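Secondary and tertiary structure notes
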Amino acid sequence: MALLLSALLVAAGWRWPTPLLEQAWAQADPGLPALLALVLVLVPPALMAALLVARMRRHGDKGESVDCVHGER
């Protein structure tokens, strides 16, 4: 997923070679580029954390280690 996101960002860089802060929409509202950068940095880790928590809940994992060699639960 990270490689796909990176590839999309590279493709976007080829399509729009003008730096982000020099584009008309960014100059019209200087807060938007900062918001975009914040979303790109925070959303992927938040999605991964949500996925991990959902899997832990689905499998009833409490985060405790289990000694599977001796069959203990």
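Residues numbered from 1 in each chain as written. Predicted model: local features only at pLDDT ≥ 70, side-chain atom pairs only at ≥ 80, totals over all residues. Heavy atoms only, no water.

**Some points on the overall build of the chain**
Within the chain, the secondary structure is distributed over three helices and zero strands. Every one of the 73 residues in the chain was classed for burial, and the buried ones make up 4%. Carbon and sulfur atoms make up 68% of the accessible area of the chain, which totals about 6,700 Å². (Helix = DSSP H or I, 4+ residues; strand = E, 2+ residues; numbered from the N terminus. Buried < 20%, exposed > 50% of the residue type's maximum accessible area, 1.4 Å probe, protein only. Areas by Shrake-Rupley, 256 points an atom, 1.4 Å probe, with all protein chains shown as cover.)

**Some thoughts on helix H3 (residues 31-58)**
Compared with the 40 Å implied by 1.5 Å per residue over 28 residues, the 39 Å span of H3 between its first and last C-alpha is a close match. Roughly 30 degrees is the biggest bend found in H3, and it falls at Leu 42, with proline Pro 44 one to four residues downstream. (Expected span 1.5 Å × (residues − 1). Bend = angle between axes of the 7 residues up to and from the residue.)

**Points about the side chain of Gln 23**
Here Gln 23 is to be found in the loop between helix H1 (2-15) and helix H2 (24-28). Using a relative accessible area of 18% as the deciding quantity, one classes Gln 23 as buried.

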